[in-house]
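# Structural overview
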Amino acid sequence: MGRGWLAAACLLVLAACEKPVTLEGETLESPDGQLVLTAGLLPGGSPAYRLDRAGTAVVLPSRLGFDLTDGTSLMDGFSVDGVERSSFDETWAPVWGEEDSIRNHYNELLVKLSRADGVRMDLRFRLFDDGLGFRYEFPLENKLTYFNIREERTEFAMAGDHTAWWISGDYDTQEYNYTESRLREIRGISMSMRQANVSATSFSPTGVQTALQMKTADGLYINLHEAAVVDYPTTNLDLDDRRLVFRTWLTPDAEGVKGRMQAPCKTPWRTVMVVDDARKVLASRLILNLNEPCALEDTGWIHPVKYMGVWWEMITGRSEWSYTYDVPSVRLGETDYRALKPHGKHGANNENVRRYIDFAAENGFDALLIEGWNEGWEDWFGKQKDYVFDFVTPYPDFDLPALNAYAHSKGIRLVMHHESSSSTVNYERHMEAAYALMNQYGYDAVKSGYVGNIIPYGEHHYSQPLINHYLYAVKEAAKHHVMVNAHEAVRPTGLCRTWPNLIGNESAMGTEYRAHINPGHTTILPFTRLQGGPMDYTPGIFEQDMAITAPGRTGKMRHTIANQLGLYVTFYSPLQMAADLPDNYARFMDAFQFIRDVAVDWSETRYLAAEPGAYIVTARRPKVATLNAAAAGVAELPDGKRDMLSDAARFVYALPPTATARDLRGATPRDVWYVGGITGEEAREVTFALDFLQPDKRYEAVLYKDAADADYETAPQAYEIVRSELTAADSLTVRMARSGGFALSLREL
């Protein structure tokens, strides 16, 4: 036997010799009585907690506290000054979301702690039916007024060597494929799971990122994450794989400080979701509920967006963001692009953009993203250049006023692109002018980007100063009625409840990674990354072979067309892209019809079947009130187009392609549902009931599914479209190919 067996045996022996920690203190039950929290002090005055579900240990006694940079330890010496209990139950309406209303129901325990040296530290616990949230609070009456954190020492002691779906811990990126393994296997494989990225910083061979999804041998699903990260660094988790104890591992700033605090203050919520069904993980709104209510008085300008983009052709290498090869070094305001020779591969040129606008308008889209429109792309990448873009000056072949007017004449809004190249200081100095330009031309959404190492130099993408920058950008955007879709920024932690103009984030490995995405990746993301908020995954790639999309390139994406259709339902986002080229869609217009029809904002969601890494089947009912919201208020529309109607609205109201918004007057919406399914590496059949439909009604059903010979390697474009009539009494059995899926539209007859 090899050394690996011996090491594992030693770990087991050491673990068996650990003296179990007992904890007595205050208890708190969830509203349904299934979860029980115990919070109190261990011998020596060490704060700790434990969590049980129906008599089964979920989190064993785990220590709480901090080490400060001045040498002070906040790990012991505390006594309990008092305890406060309360309950809360509300139903709130999100501006956009997976349902019309969300219940926020919890029992709360506040444990007030103090020490003889004058330190006060309170622990606030909220226990929901599906999990726990807790945070630290430091009142103003305190020895600690200004203090810096060296380490946050929050622990999550696991009760077993659970199966986990994880990505390696990092201060700068989440763009990794997920790995499924036992907890004790993480150390041996973590470094081999890391992938190349232009900005990546690992810290431990046992470090992982949140949201971390686990499953116990008894079938419980445990998810560790955080909520409401404001003025505080993002945390990773570092595993003591001998004791199976996770510990928070905060992202340091440029000086190594992991949090600069000023009382009164509080940390983000640490969360432990625990449920007995994978579908309940997807249905949980724990993270959203732990965020503050909407901070905006007026949200009428915020709306869902279904868009296309001049983007995929640059990602695949078919065209480029830059305008010329003549200048290796650009000085904005000095470099005269009109005197330079264009290289002929600039994607954001007038003729090409008009072609995209025409296709988007003809097929019922709301908006078009255009990347590479502005000066500076010749030397933007990898230089850590401070003054890299000004976000207002277009290239000579991009006529901003004319293209904007042309888009509006077709009922299409343009989506702005602000790539900061991670120079956040430069972005902030230009932000007001950039948002003002958007207001001038009627842009109401921006995709921002943070590619590369951060400026100020030495900062990380997830450190406290950057967390503050991302939120600053969202708040400033709100003043200009601009919606934000941030890429390469921090993973979301539910702040879209408070700031609903944050309509999207990337913060994970998305479609741009092409052939590097593993089969099954998308069956894990809803359990992990999407727990904190929607992702701009950019689905809808119908041509998997990069050599066809961009001659001379190589690589094949590992999914079927039916899989891509299923993502429009299984991945929630109020900002949903059809990412492929118009030329590629033109070859499969019958399958493209589902993308035209599907809504992106919902009044009701049902999770019909799910298992992380294996499959997801989701059903959603559109929110009628927002079906045509994106088209409202588009400037410069001629009289004949002022009542343009989206395909999604036509589908719900069963109106012909020639119908306009005027035809909605007096029309009754049909009951409509969309169902999507995706699967991982293995082909499988799924059977699901249609009992969510209205009884005694008949529905027109259009099923887009993998053909019998479909396979992501051998026949990724093999699909079938089956039409039928169905009722609530029916059930469906659908076969999904390897890395395949299906999409189903159901409309009341």
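Residues numbered from 1 in each chain as written. Predicted model: local features only at pLDDT ≥ 70, side-chain atom pairs only at ≥ 80, totals over all residues. Heavy atoms only, no water.

## Overview of the overall build of the chain
In terms of regular secondary structure, the chain is built from 14 helices and 36 strands. Against the 2.2 N^0.38 benchmark of 27 Å for 749 residues, the chain shows a C-alpha radius of gyration of 26 Å, consistent with a compact globule. For the chain, the spread of C-alpha atoms along the three principal axes comes to 75 × 70 × 60 Å. Put simply, the chain has 749 residues, and 63% of those count as buried. For the chain, contacts bridging at least 24 residues in sequence account for 72% of all contacts bridging at least 6. Put simply, the chain has 74 plus and 101 minus side-chain charges, and the middle of one group is 1 Å from the middle of the other. (Helix = DSSP H or I, 4+ residues; strand = E, 2+ residues; numbered from the N terminus. Rg over C-alpha atoms; globule rule 2.2 N^0.38 Å. Buried < 20%, exposed > 50% of the residue type's maximum accessible area, 1.4 Å probe, protein only. Contact = heavy atoms within 4.5 Å. Lys, Arg positive; Asp, Glu negative; His and termini not counted. Charge placed at Lys NZ, Arg CZ, Asp CG, Glu CD.)

## With respect to the sheet that holds strand β10 (residues 146-152)
In a beta sheet, neighbouring strands pair by backbone hydrogen bonds and run either parallel or antiparallel. With respect to topology, three strands assemble into an open sheet ordered β5-β10-β19, the strand pairing being antiparallel. Each edge of the open sheet carries a strand with a single partner, namely β5 (66-68) and β19 (260-262). Here the average twist between neighbouring strands, direction ignored, is 50°. As defined by bridge partners, β5 adjoins β10 across three bridges and the pair is classed as antiparallel. Looking at β10, one finds that F66 is bridged to E152. (Pairing = 2+ DSSP bridges. Axes fitted to C-alpha atoms, helices over the stretch in contact; angles between N-to-C directions.)

## Details of empty space enclosed by the protein
Scanning all chains against the criterion turns up six cavities of 30 Å³ or more. Approximately 200 Å³ is the volume found for the largest cavity. Sorting the residues of the lining of the largest cavity by element identifies α9 (464-479), β26 (483-487) and β27 (502-505) as the ones contributing at least two each. The greatest single-element share of the lining of the largest cavity, amounting to five residues, is contributed by α9. Counted by class, the lining of the largest cavity contains 14 nonpolar, three polar and one charged residues. (1 Å grid on protein atoms, 1.4 Å probe; cavity = no way out; pocket = protein on both sides within 12 Å on 5 of 7 lines; lining within 4 Å. Points joined across faces, edges and corners; volume = space filled by probe spheres on them. Nonpolar A, V, L, I, M, F, W, Y, C, P; charged D, E, K, R; others polar.)

## What to know about the layout of surface pockets
By volume, the largest pocket amounts to about 930 Å³. Together, 45 residues line the largest pocket, and I315, W321, V451, E512 and R514 are the ones closest to its centre. Those elements that provide at least two residues to the lining of the largest pocket are α5 (312-315), β24 (413-419) and β25 (445-449). The leading source of residues in the lining of the largest pocket is β25, at three residues. Considered class by class, the residues forming the lining of the largest pocket number 17 nonpolar, 18 polar and 10 charged. Quantified by volume, the second largest pocket comes out at close to 650 Å³. Along the walls of the second largest pocket sit 34 residues, with R596, L645, D647, R650 and P657 positioned nearest its centre. Here the residues of the lining of the second largest pocket sort into 13 nonpolar, nine polar and 12 charged.

## Quick look at the sheet that holds strand β17 (residues 235-240)
Here eight strands make up an open sheet; going across it, the order is β1-β2-β3-β4-β11-β18-β17-β14 and the pairing antiparallel. Looking at the sheet topology across the chains shown, the edges are occupied by β1 (25-29) and β14 (207-209). For this sheet the average axis-to-axis angle between neighbouring strands, irrespective of direction, equals 25°. Sheet topology places strand β2 (residues 35-42) next to strand β3 (residues 46-53); eight bridges connect them, and they run antiparallel. Residue pairing in the sheet places A39 in a bridge with Y49 of β3.

## A closer look at the confidence of the model for the chain
Looking at the chain, the pLDDT average stands at 94 and 95% of residues meet or exceed 70. pLDDT under 50 marks residues 1-17. Its contacts with residues more than four places away, or in other chains, come to six contacts. (pLDDT = per-residue confidence, 0-100.)

## A look at the packing of aromatic side chains
One pass over the structure, following the stated rule, counts 37 aromatic pairs. Chaining the aromatic ring pairs together yields one cluster made of W321, W377, W380, F381, F389, F391, Y427, Y450 and Y470. Taking the ring centre of F78 as reference, the NZ or CZ of R115 above it sits at 5.1 Å. Above the face of the Y406 ring, R354 is positioned so that its terminal group lies 5.6 Å from the ring centre. (Phe/Tyr/Trp six-rings, centres within 6.5 Å; stacked < 30°, edge-to-face > 60°. Lys NZ or Arg CZ within 6 Å of the ring centre and 35° of its normal.)

## Remarks on the pattern of salt bridges
Enumeration over the complete set of coordinates arrives at 54 salt bridges. A salt bridge links D170 to R194, with the nearest nitrogen and oxygen atoms 2.3 Å apart. Note that D170 is positioned in the loop between β12 (163-166) and β13 (179-182) and R194 in the loop between α2 (186-193) and β14, a separation of 24 residues in sequence. With respect to burial, D170 and R194 carry one shared label: buried. What emerges from the salt-bridge pattern is a single network uniting E108, R124, R126, R135 and E137. (Salt bridge = Lys/Arg side-chain N within 4 Å of Asp/Glu carboxyl O.)

## Quick word on the pairing of strand β33 (residues 699-706)
Burial analysis of β33 places six of its eight residues in the buried class, which makes it a mostly covered element. Pairing of β33 with strand β34 (residues 719-726), which is carried by eight bridges, proceeds in the antiparallel orientation. Paired with K705 across the bridge in β34 is E720. In the sheet, β33 pairs with strand β36 (residues 741-748) via seven bridges, with the strands oriented antiparallel. Each bridged residue has a counterpart across the sheet, and for Y699 the counterpart in β36 is E748.

## So, the pairing of β1
Taken together, the five bridges between β1 and β2 define a ladder with antiparallel strand orientation. Directly across from G25, in β2, lies its bridge partner G40. Hairpin remark: β1 followed by β2, antiparallel, with five residues in the connecting loop; positive phi at G33, about 80°.

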